[in-house]
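# An overview of the molecular structure
What follows is the residue order along each chain.
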Amino acid sequence: MEHSKWHDLLKKRLPVGYFTQINHFMNEVYAKGTVYPERQNVFKALSVTDYDQVKVLILGQDPYHGAGQAQGLSFSVPDDMPAPPSLQNILKELADDVGVRHHHDLTPWAEQGVLLLNACLTVPAGQANGHANKIWEPFTDAVISLLNDRKDPLVFILWGSYARKKKALISNPHHLVLESPHPSPLSSYRGFFGSKPFSTTNRFLQERGQKSIDWLR
């Protein structure tokens, strides 16, 4: 993320010394035990999709906490890993909405301008939400606020109650906010299935003269 536009904008938006605090936190937790994703992938979402490239934000809560799953991109796992339940349901809805995608790695989405951001960027092995309210939320809230400042219309996809709380950061009326229950098996049948976020996003982008996302890549 260094030398990217994200780095420059976030440094201005966050309190002085916040990047140093993040580094200290990471030094501590990675030294103590197993943390996901691998350290070099913590900021991968921002590295793959720079500020000016973002068309869509898909917000997750925190990385997968099983070995080999987390890549630094929300909901994404390597293609050689089984799809976790939430990703299985995302792919089911995608199939019903726009077509079948056989890959579990969502990097091609990120390369097209879909920022796959988790609100917490790290997690201890086997402990979902283990780093919640430690260091990351002011950082990722600043990411969302910076996107809200964008003059060109963006799509914010908020799945589940945690992500939907971030709607308060999205005040610019020319953006589109798509909200639904989370794709996890516990809530997906309460309105996630049938919500058609992928075709709705593309229709919004096309109507505003922007290139749509090839969700099947």
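Here, the structure is the one placed above.
First, a word on what this report is: a plain description of the structure on this page. (Residues numbered from 1 in each chain as written. Predicted model: local features only at pLDDT ≥ 70, side-chain atom pairs only at ≥ 80, totals over all residues. Heavy atoms only, no water.)

### Focus on the packing of aromatic side chains
Describing an aromatic ring pair means giving the distance of the ring centres and the angle of the ring planes. By the definition in use, this model includes 14 aromatic pairs. Summarising the aromatic geometry, the rings of tryptophan 6 and tyrosine 51 are spaced 5.2 Å apart at their centres and angled 80° between planes, so their arrangement reads as edge-to-face. Of this pair, tryptophan 6 sits in helix 1 (residues 5-13) while tyrosine 51 sits in the loop between helix 3 (44-48) and strand 2 (56-60), placing them 45 residues apart in sequence. For tyrosine 51, a relative accessible area of 8% gives the class buried. Here the aromatic rings of phenylalanine 75 and tryptophan 159 are separated by 5.5 Å at their centres, their planes lie at 70°, and the arrangement is edge-to-face. Residue phenylalanine 75 is located in the loop between strand 2 and helix 4 (85-97), and its partner tryptophan 159 is located in strand 5 (residues 155-159); the two are separated by 84 residues in the primary sequence. Here phenylalanine 75 and tryptophan 159 have matching classes, each one buried. Chaining the aromatic ring pairs together yields one cluster made of Phe75, Trp109, Trp159, Tyr189, Phe192, Phe193, Phe198 and Trp215. The ring of tyrosine 51 is capped by arginine 150, whose NZ or CZ atom sits 5.5 Å from the centre of that ring. (Phe/Tyr/Trp six-rings, centres within 6.5 Å; stacked < 30°, edge-to-face > 60°. Helix = DSSP H or I, 4+ residues; strand = E, 2+ residues; numbered from the N terminus. Buried < 20%, exposed > 50% of the residue type's maximum accessible area, 1.4 Å probe, protein only. Lys NZ or Arg CZ within 6 Å of the ring centre and 35° of its normal.)

### Structural notes on the environment of isoleucine 144
Inspection of the secondary structure puts isoleucine 144 in helix 6 (residues 136-148). When the C-alpha positions of isoleucine 144 and leucine 117 are compared, they lie 9.4 Å apart, and in sequence the two are 27 residues distant. The contacts of isoleucine 144, once residues within four sequence positions are left out, are Leu57, Leu59, Leu117, Phe156, Lys166, Leu169 and Ile170. (Contact = heavy atoms within 4.5 Å.)

### Topic: the nonpolar core
Note that soluble globular proteins tend to have their nonpolar side chains buried in a common cluster. Ranked by size, the top nonpolar core spans 62 residues in total, and within it Trp136 and Phe139 carry the most contacts. Ranked by residues supplied to this core, first place goes to helix 6 with seven residues. If we ignore the near neighbours within four places in the chain, the residues touching tryptophan 136 are Ile22, Phe25, Met26, Val42, Phe43, Ala119, Cys120, Leu121 and Thr122. (Core = buried A, V, L, I, M, F, W, Y, C linked by side-chain atoms within 4.5 Å.)

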